[in-house]
Amino acid sequence: MYQKQDDYDELGDATLMQTEYRPRRKNRRPCLIFFCIVVVFLAIIIPVAIVTSNRSHGTSGYVAPECPSGDERDRVDCYPEGGASKARCESRGCCWAQPTTQGPPSCFYPVNHGYELVGGLQSTPLGYRATLRRLNTPTMYGGDLGNIEVVVEVQEDYRLHVKVFDPKLPRYEVPEAALKRPQTTALAEHPLYNLTFTSSPFSIKVTRKSTGATIFDTSVGKLTFSDQFLSVSTRLASPNLYGLGEHVHRRYRHDLNWKTWPFFTRDSSPAAGNSDNLYGQHPFYMCVEEDGNANGVFLLNSNAMDVTLQPGGPDSAPIVTYRVIGGVLDFYMFLGPSPENVVQQYTEVIGRPVMPAYWGLGFQLSKWFYNNSRGLRDVIQRTRATGIPYDVQYSDIDYMEDRKDFTYDGNSYGDLPDIVQDLHDNGQKYIVILDPAVSNKNRRDGSPYLPYGNGRTAGVFVNASDGKTPIVGQVWPTDSVFPDFTNPYGTQWWADNCQDFHRDISFDGLWIDMNEPSNFLNGSLTGCDGNTWNNPPYLPAIRGGLLYEGTLCMDAKQIWGRHYDVHSLYGHSMAIATRSALRSILPSKRGVVVTRSSFSGTGQYASHWLGDNKAAWEDMAWSIPGILEFGLFGIPHIGADICGFAGNTTEELCQRWMQLGAFYPFSRNHNTRTGNPQDPGSFSQAMIDSSRDVMMTRYTLLPYLYTLFYHAHVAGATVARPLLHEFPSDRKTWDVDRQFLWGRGLLISPVLTQGDTTVDAYFPNDTWYDHFTGAEVEGQYRGQTVTLDAPLNKINVHVRGGTILPTQQPANTTVYSRRNPMGLVVALNDGDSAEASGDLFWDDGEAYDSIEKDNFLLVRFTASANDGIKCTVDVSPVPPPSPGHWGYLPYDTVRVFGLDLPDTPSVKAGPPGGLRDVDSGNVQYDGGSKVLQLTNLVDMDLLVFNDLQITWT
């Protein structure tokens, strides 16, 4: 039964002392004194309770099942594979009763299933340790562990770590080489949470100290821990759940009505919009509590699993159930309290996102199959001719010779090196695709395919179950082997081949695909053995009826472990290896790595796109929850294929998608081999003009976007951000997922429905200005949904009062835009002093170590209606920039929104103490819209690396 916090009694210090752990020492007195101090300290800062209970045994020797009598919506499924009957259910020691409504299971856990505490709760220098003994109940899937341990570490005031494991035999755990966890050496002093332990059946409850809100409560759906089946359920603080991926979640806030989501990396198209497991594995969620506080929970486990969400009864909380088929239960909990805090705390554990190269924020263009170099040249020239800003051109697998990595087709793409040189001559970049599958066949001319031969010699491929023979599947180059990126020799082999290929084709970034890993066969050419690795006793709700469907045999061997355990780390390990390879090729430049498959922490190494969507209005709409989720997952450089990958787009759809895609953090138009061309230049002049305008807006705002990525890199802040992150106490924002923010200051409201020329936009209770006109939104709009005009050539973008956005005059590529003058958009709030603030991060745009070496500019902006604008340089390169330096840029335009003046003011600008008059011809003020605009400031030589003040009277 679910027990409220009020049902528990706190333990006194004496009770804790009775369960303390005393290691064997020759001199126990100093240790005893130290441990007494630790225990007393724990009792003071972490209120802890323990509940005991006694259970009766049936005549069979098993504990007699005690069936819950509460609401059937609180039932946790005890027969999750389906096909339950009363006899089968009761043979597991579970309860059977047909539900009266759709959703609840017929077979469900009894109250007295799980484990019990043995020997009392032990205090440790970092928290607590508990030894558990399995209650005498029938097994579900065999191999149940009789004794397990739980370690609870009070790591930070805002972070709790709970781990359940086998104390006798090591089990698979995600290795440090994949994800390096922060090490804690001291107990947190002022934790935001309380802990409660129940002895039998054992459970843990974590509550927010300030409010009593439930963060984690395992008293429902008792703990199961067997060789290949681990299960635990927990209560939520509210129904406001976000995250858990990668899937197509049609809405950002989860539907808790008996939804099961599988986790296991898979080459499966998101276009269907179903519940399939997709390319990444991110078992992390955020829950917004009823008062707007937020918490997060991360299960660090790379094995296949599924997660079921259920509503709970009217007097109880929703429930999350984890079912995992290997490893350990390794939970991290984050107490926020704000949504942004939760993401920052999560990325502190999994690693902060990589700082992308500045050019990686530009518009990018791709298509699978340009046919030949002539087709590639045509699209490059056609797009340049439109005047649409355009930074990056891609090549998909059609550039390769017979789809072999590290080759290019001399017949169809013989002049590819010249095309790449032309791109570079025009300030553009080039990215090629590489797949993990390596052909085991010779080259077209009969010569050896060296990457395969050298790889065999070095032993760098994933081996079959014998641990010696490379496993063979089929992918694009037909028969293929698969590099083991967990093998240090494999990562070096990958880097060497990338380096050799770069000598032929001077690419600037790498796009890695098919790395779930995808296999066109089930397992291998010879199938898979019928063991429990390939056929586990419980199969999570993954796509297909086989664990190895569309991928490798689970008993294949890698350095980090069996493929059974490390499968979902394959793309992650490839991203690590590819980032390392790119750095060896371009040691002074960040470049860009774009990966399809990902795991928690992949954002440290790579960007991501949402995969093979389709040219459909619903797919465009679904992309917004997708980019918001990957912001939660610590991969902020994220986008969907603009205009859709599969099928043929329409001009209206593509035009609307180009508008939305201009505000994806990662902005790329890409489509399939058989799809009609959808680069903007292939449409009407009206479509071209619209795309040019919106991309010019993007490029104008790139300094602001780049600054957001700086904050993501150093602090884990989100870039594309849901409204609830800025307004968590506004309940209306909890469901908003057809709009999103850039940072805290820019609101994007796209049209997502065919034929619409208006859009319904929600405006939280704050000041909002039209980005293009500077006028405040009209009427009683705060906290309301407003219908805005949105003709086909317009996307609605609004600036939040209280923010200052750095801008720059746009150009056709970032190489040239970065040389242009800077600007400011100052949006005053409506407080008593009408203030605003913001900042600018600026470096050379691609150096790996600019932040580490303080070789960057950090400018802090403040403004008020009374005092004007101040630009304070907090960090500046040494020596100061000179002409030609990346930081030697003047301000040219300043727009101030919400400035209520009686007439056009006199304006002064310059360094503090050295203000000069701004020519009156460069000062315009619109009293109706309350917008002040300063132009042509370049001649005043107001440079961004100097402090600046602007006043008006």
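Residues numbered from 1 in each chain as written. Predicted model: local features only at pLDDT ≥ 70, side-chain atom pairs only at ≥ 80, totals over all residues. Heavy atoms only, no water.

**Q** How should the nonpolar core be read in this particular structure?
**A** Across soluble globular proteins, you tend to see nonpolar side chains buried next to one another. One finds Trp-494, Phe-663, Phe-740, Trp-742, Ile-869 and Tyr-891 to be the most contacted residues of the largest nonpolar core, which totals 197 residues. Every residue in contact with Trp-742, bar those within four places of it in the chain, is listed here: Ala-662, Phe-663, Arg-698, Leu-701, Tyr-704, Leu-705, Leu-708, Val-719 and Ile-748. Within the second largest apolar cluster, 49 residues are counted, among which are Val-48, Val-232, Phe-263 and Leu-335. (Core = buried A, V, L, I, M, F, W, Y, C linked by side-chain atoms within 4.5 Å. Buried < 20%, exposed > 50% of the residue type's maximum accessible area, 1.4 Å probe, protein only. Contact = heavy atoms within 4.5 Å.)

**Q** What is the right way to look at the sheet that holds strand 24 (residues 473-475) in this model?
**A** Strand pairing in a sheet relies on backbone hydrogen bonds. The paired strands run either parallel or antiparallel. Spatially, three strands are ordered 23-25-24 in an open sheet, and the strand pairing comes out antiparallel. In this open sheet, the two edge strands, each paired with only one partner strand, are strand 23 (438-439) and strand 24. Pairing geometry for strand 24 and strand 25 (residues 478-481), over three bridges, is antiparallel. Bridging across to strand 25, Gln-474 finds its partner in Asp-479. (Pairing = 2+ DSSP bridges. Helix = DSSP H or I, 4+ residues; strand = E, 2+ residues; numbered from the N terminus.)

**Q** I tried to follow the sheet that holds strand 22 (residues 429-434) on my own but got confused; where do I start?
**A** Read from one edge of the open sheet, nine strands run 32-31-29-26-22-21-20-34-33, paired in parallel fashion. Bordering the open sheet on either side are strand 32 (638-639) and strand 33 (641-642), each of which pairs with just one other strand.

**Q** How do you make sense of helix 10 (residues 570-585) when you look at a structure like this?
**A** In this model, helix 10 (16 residues) spans 22 Å end to end at C-alpha, consistent with the 22 Å of a helix rising 1.5 Å per residue. Turning to helix 10, its buried residues are Tyr-570, Gly-571, His-572, Ser-573, Met-574, Ala-575, Ala-577, Thr-578, Arg-579, Ala-581, Leu-582 and Ile-585. (Expected span 1.5 Å × (residues − 1).)

**Q** Quick question: what am I supposed to make of the packing of helix 7 (residues 450-458) against helix 8 (residues 488-504) here?
**A** Each pair of packed helices gets described by two things: the angle between the helix axes and the distance between those axes. Running from N to C, helix 7 and helix 8 point in directions that differ by 160 degrees, and their axes come no closer than 10 Å. What the angle tells us is that helix 7 and helix 8 run roughly antiparallel. Considering the relative orientation of helix 7 and helix 8, their crossing is right-handed. Of helix 8, the residues touching helix 7 (which contributes Pro-451, Asn-454, Gly-455 and Ala-458) are Tyr-489, Trp-493 and Asn-497. Looking at the contact of helix 7 with helix 8 residue by residue, the classes come out as four nonpolar, three polar and no charged. (Axes fitted to C-alpha atoms, helices over the stretch in contact; angles between N-to-C directions. Parallel < 35°, antiparallel > 145°, perpendicular 65-115°, else oblique. Left-handed = near helix turned anticlockwise from the far one by under 90°. Nonpolar A, V, L, I, M, F, W, Y, C, P; charged D, E, K, R; others polar.)

**Q** Teacher, can you tell me more about the packing of aromatic side chains here?
**A** For any pair of aromatic rings, the description consists of the separation of the ring centres together with the inter-plane angle of the planes. Scanning the entire structure with this criterion turns up 41 aromatic pairs. The interplanar angle of 25 degrees and the centroid separation of 6.2 Å between the aromatic rings of Tyr-399 and Phe-501 together place this pair among those described as stacked. In this pair, Tyr-399 sits in the loop between strand 21 (392-395) and helix 6 (416-425) while Phe-501 sits in helix 8, placing the two residues 102 residues apart along the sequence. Judged by its relative accessible area of 0%, Tyr-399 is buried. (Phe/Tyr/Trp six-rings, centres within 6.5 Å; stacked < 30°, edge-to-face > 60°.)

**Q** When you look at the state of the cysteines in this model, what are you seeing that I'm missing?
**A** Joining two cysteines, a disulfide is a covalent bond between their sulfur atoms. Tallied over the entire structure, the rule returns five disulfides. Disulfide partner of Cys-78: Cys-94, at an S-S distance of 1.9 Å. Of this pair, Cys-78 sits in the loop between strand 1 (48-51) and helix 3 (86-91) while Cys-94 is found in the loop between helix 3 and strand 2 (95-96), placing the two residues 16 residues apart along the sequence. For Cys-78, a relative accessible area of 0% translates into the label buried. Of the residues examined, Cys-94 reaches a relative accessible area of 3% and is grouped as buried. The disulfide bridge from Cys-89 ends at Cys-107, spanning 2.2 Å between sulfur atoms. (Disulfide = S-S within 2.5 Å.)

**Q** Whenever I open this one, the pattern of salt bridges confuses me. Can you help?
**A** Opposite charge on two side chains permits pairing when their charged atoms draw close. Evaluation of the coordinates by the stated rule reveals 44 salt bridges. Between Lys-853 and Asp-849 there is a salt bridge whose closest N-O contact spans 3.0 Å. Connected via shared salt-bridge partners are Asp-267, Asp-513, Glu-516, Arg-596 and Asp-612. (Salt bridge = Lys/Arg side-chain N within 4 Å of Asp/Glu carboxyl O.)

**Q** What is the right way to read the side chain of Asp-508 from this model?
**A** Following the sequence through the fold, Asp-508 ends up in the loop between helix 8 and strand 26 (509-512). No salt bridge forms around the buried Asp-508; measuring N to O, its nearest opposite-charge neighbour Lys-429 is 4.5 Å away. Separated by 2.7 Å, the side chains of Asp-508 and His-424 make a polar contact. Contact partners of Asp-508, with chain neighbours within four places excluded, come to Trp-359, His-424, Lys-429, Tyr-430, Leu-582, Leu-586, Gly-591 and Val-592. (Lys, Arg positive; Asp, Glu negative; His and termini not counted. Polar contact = N/O pair within 3.5 Å; in protein donor to acceptor, adjacent residues only side chain to side chain.)

**Q** Help me understand unusual backbone geometry, please; the structure alone is not making it clear to me.
**A** Most peptide bonds take the trans configuration, and most residues that are not glycine carry a negative phi. Residue Ser-200 is joined to Pro-201 through a cis peptide bond whose omega torsion reads -15 degrees. Tracing the backbone shows Pro-201 in the loop between strand 8 (193-199) and strand 9 (202-208). Residue Pro-517 is reached from Glu-516 by a cis peptide bond, and omega for that bond is 0 degrees. Phi at Phe-369 is positive, roughly 85 degrees, even though this residue is not glycine. By the element assignment, Phe-369 lies in the loop between strand 20 (364-365) and helix 5 (373-386). On the basis of relative accessible area, Phe-369 is assigned to the partly exposed category, the value being 28%.

Structural measurements only, silent on function.
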